[in-house]
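Examining the three-dimensional arrangement
This is what each chain is made of:
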Amino acid sequence: MAKELIRLSDCFVQFDDDIILDHINLYINDKEFLTLLGPSGCGKTTTLRLIGGFLKPTSGEVLFDGERINDVPPHKRAVNTVFQKYALFPHLNVFENIAFGLRIPQAAPGEKKKRKLPESEIQQRVMEMLEIVNLKGFEKRSIASLSGGQQQRVAIARALVNQPKVLLLDEPLGALDMRLRKDMQNELKRIQQTMGITFIYVTHDQEEALAMSDTVVVMDGGHIQQIGTPEDIYNEPKNAFVADFIGESNIIDGIMRADGVVEIFNRKFQCLDKGFEKDEPVDVVIRPEDVDIVPEDQGQLRGTVTSVTFKGMQYDIIVDFYGFKWLIQTTDFCPVDSRIGIKIDPDGIHVMKKSQYSGMFGDYSSYSEEYEEISDAEYDPEAEEEQEDGHEE
Amino acid sequence: MKNRLSLFAGPYVVWMALFVVIPILMIVFYAFSSADGGFTLDNFTRIGEYLPVFLRSFELAFLATLICLLIGYPISCALAREGAQFQRIAMMLIMLPMWMNFLLRTYAWMSILENTGLLNRFFSAIGLFDLINSIFGTDIQYFKMINTPGAVVLGMVYNFLPFMILPIYSVIVKLDHRLIEAARDLGADSATVFRRVTLPLSLPGVLSGITMVFVPAVSTFAISQLLGGGKQMLLGNLIEMQFKGAAYNPYLGSAVALVMMIVVVICMAVMNRFGEGEEQAVVL
């Protein structure tokens, strides 16, 4: 059994009249890679700041190893942070940035007197760290002369060299380009596994979250929407928000007619979900890749193709079913205006309880705009920062 | 011409040449000339007589700069933490005295510090002198404040403090707050954050503040004349005397001015080197 390391117990955070975190409960295991995932303003950075010690909850408790640490300042916590945009010290070179924490005299456990680490040990530990983050030979370089990816590595090394029990990462890859991000994802996962420590990772990028994490915590509006493994979150989203935020999905109104039978557009579909009331209205999630295209007369549903986009690996097509537009991913080319039928296997249908998010997502009638909103290329880290900084005053 | 806009720098270049470069060249010329127009080094050998004036000027200017720094740095730090509205108002209050004439402000201090001035009358009114006299058996009627080195330093601090606050404040206010959080995250307590992050990063502001206070303080003549009563002769007064009044000797005056300029430039150069060294020292 994994050991619990951090627990947020009924944490409530409010700035002026804004509720940022609404009674959050969360525990984090030792050596776990946990990701806080959500759109800007969802409270994920605030959660991280609670753990880092830069913020005290208005009410509720932060526990570390079973001890209440609400009032423990950041410099006394066994936690280090990799900041958004790195926050490296511009007046120090690479070596001294990494050595910053090591040069601060610390009291050994059980001792009162603070002691400085011997220079030889500092030297050795910084050099080890430089090797881990692949920056050997950069120790004398100034921060300004490094690329974004290199600065990122320095920031990670600077935090890890202090041998924290937990590393907090606040959108650490947000400022990097696509390819570098992919490389760094692997790098981070590797570092986490070699060092054997807990990583708490904040991101708005669902792909990043799914690729790296042991556990994903999806947040929105100061609430935790779902906690689970990446597979759980993707395959069994708890509500329309999670389904929409994690990957592309068609979210359709349905009615649960019996265990394993859901009705969509007045047609009954086989599904695997049970435990709903008879005739309970539900949200039904159908992933674009779970839909099979068949000739019109063989389809469970029939619709008209209204748009086709070539995506390299597949085509994204928008299909109109009785006025409701679905996104379907297929390797078969279907021309615009052609009539098609579709089939969905029972395990491709996910039924969710109605929630406050019902009816907010799912129709692709305004496809192009919505697509841009979801796509990460359009994401502007500055905008999020302004918004979130506002809360931190 | 590389840049068509550089045409607009023309007037400034002419201005600088006419009123800065040529006067400095004239000072150099006069400093090495005798009354009959020949080349001489006498002016410089005579400067030795005025060594005490040099020492006093640098001492008082140094003291004033130090006090400005000790007052200005904490104020700048505190100010940078306040809300934007508060900062604007506080900045205006700091600048407010500068909207009044410099001489007028200094005259005001005269009437405050005089033996029969505002402060002494206030002390007398609250019975401070009676109290002291009854305890120590003395016969004090007033504190002597005007015409002391202290009064001159006070005048310097009062007049030049904004020049210390402004550059330090503008550097500190731009300091990235995340750097401070990062330092705290890495285990630094408040004192360590200050010593290893805030201070080294605000050093450029401190250096320009020191320069902007020290240079006018070392060459002032109005403050020492009004608040020092001519008893605290400073370099500024010495130079002024050589150009106006009975001691008329522009050759000596030029030599003094030139030497002062060179000493100041050397001081600044050394300090800037020290400043760079400081950053290095923090690194080490």
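Preceding block: the structure.
Quick look at the nonpolar core now. In this structure, Ile98(A), Ala157(A), Leu167(A), Ile200(A), Val217(A) and Val262(A) are the most contacted members of the largest nonpolar core, which totals 104 residues. For this core, the element with the highest residue contribution is helix H4 (residues 148–160) of chain A, accounting for six residues. Setting aside its immediate chain neighbours within four residues, Ile98(A) contacts Val126(A), Met129(A), Val154(A), Ala157(A), Arg158(A) and Val161(A). Listed in part, the 43 residues of the second largest apolar core include Cys68(B), Ile172(B), Leu226(B) and Leu252(B).

All names here are of chain B. For Met91, the location among the structural elements is in helix H4 (residues 84–95). Among the residues examined, Met91 registers 17 C-beta atoms within 10 Å and is labelled partly exposed. The spatial distance from the C-alpha of Met91 to the C-alpha of Leu119 is 27 Å, given a sequence separation of 28 residues.

A few words now on helix H5 (residues 178–195) of chain A. Residues and elements named next belong to chain A. Here H5 is 18 residues long and its end C-alpha atoms lie 26 Å apart, about the 26 Å a rise of 1.5 Å per residue gives. Burial in H5 covers these residues: Met184, Leu188 and Gln192. Seen along its axis, H5 keeps its buried residues to an arc of 75 degrees; they face one direction. Residues of H5 that are exposed and angled more than 90 degrees away from the buried face: Arg179, Asn186, Arg190, Gln193 and Thr194. On its buried side, H5 packs onto strand E3 (33–37), H4, strand E10 (198–203) and helix H6 (206–212). Gly196 lies just past H5 and shows a positive phi near 65 degrees.

Let us look at H4(A). Residues and elements named next belong to chain A. Compared with an ideal rise of 1.5 Å per residue, which puts 13 residues at 18 Å, H4 spans 18 Å between its outermost C-alpha atoms and is within 8% of the ideal. Here H4 lies mainly inside the structure; ten of its 13 residues are buried. Listed as buried for H4 are Gln151, Gln152, Arg153, Val154, Ala155, Ile156, Ala157, Arg158, Ala159 and Leu160. Close packing links the buried residues of H4 with strand E6 (79–82), helix H2 (94–99), helix H3 (119–132), strand E9 (166–170) and H5.

This part is about the environment of Thr45(B). Residues and elements named next belong to chain B. Tracing the chain through its elements places Thr45 in helix H2 (residues 42–47). Here Thr45 falls in the exposed class, since 10 other C-beta atoms lie within 10 Å of it. Sequence-wise, Thr45 and Ile27 are 18 residues apart; in three dimensions their C-alpha atoms are separated by 17 Å.

This next bit is on the sheet that holds strand E17 (residues 291–294) of chain A. Residue and element names in this part refer to chain A. Overall, antiparallel pairing links the five strands, which are arranged E17-E21-E18-E19-E20 in an open sheet. Two strands bound the open sheet, and with one partner strand each, they are E17 and strand E20 (324–330). Put simply, the sheet's adjacent strands are angled 45 degrees from each other on average, direction ignored. Alignment of strand E19 (residues 315–321) against E20, held across seven bridges, turns out to be antiparallel. Within E20, the residue paired with Val319 across the bridge is Trp326.

Right, let's talk about the interface of chain B and chain A for a bit. Taken together, the contact pairs 17 residues of chain B with 18 residues of chain A. When residues of the side of chain B that touches chain A are traced back to their parent elements, those giving at least two are helix H9 (177–185), helix H10 (190–219) and helix H13 (250–283) of chain B. Element by element, the count of residues in the side of chain B that touches chain A is highest for H9(B), at six residues. When grouped by side-chain class, the residues that make up the side of chain B that touches chain A number eight nonpolar, two polar and seven charged.

To continue, consider the sheet that holds E9(A). Residue and element names in this part refer to chain A. Spatial ordering of the open sheet is given by E6-E9-E10-E3-E11-E12, a layout of six strands whose pairing is mixed. Edge strands, defined here as strands with exactly one partner in the open sheet, are E6 and strand E12 (223–228). The sheet shows a mean angle of 20 degrees between the axes of neighbouring strands, taken without regard to direction. Strand direction decides the pairing type here: E6 and E9, joined by four bridges, are parallel. In the sheet register, Val82 faces E9, and the bridge partner there is Leu169.

Rules and cut-offs
Residues numbered from 1 in each chain as written. Chains lettered and ligands numbered in written order. Predicted model: local features only at pLDDT ≥ 70, side-chain atom pairs only at ≥ 80, totals over all residues. Core = buried A, V, L, I, M, F, W, Y, C linked by C-beta atoms within 7 Å. Buried ≥ 20, exposed ≤ 12 C-beta atoms within 10 Å, placed from the backbone. Helix = DSSP H or I, 4+ residues; strand = E, 2+ residues; numbered from the N terminus. Contact = placed C-beta atoms within 7 Å. Expected span 1.5 Å × (residues − 1). Arc of directions from axis to C-beta. Pairing = 2+ DSSP bridges. Axes fitted to C-alpha atoms, helices over the stretch in contact; angles between N-to-C directions. Nonpolar A, V, L, I, M, F, W, Y, C, P; charged D, E, K, R; others polar.

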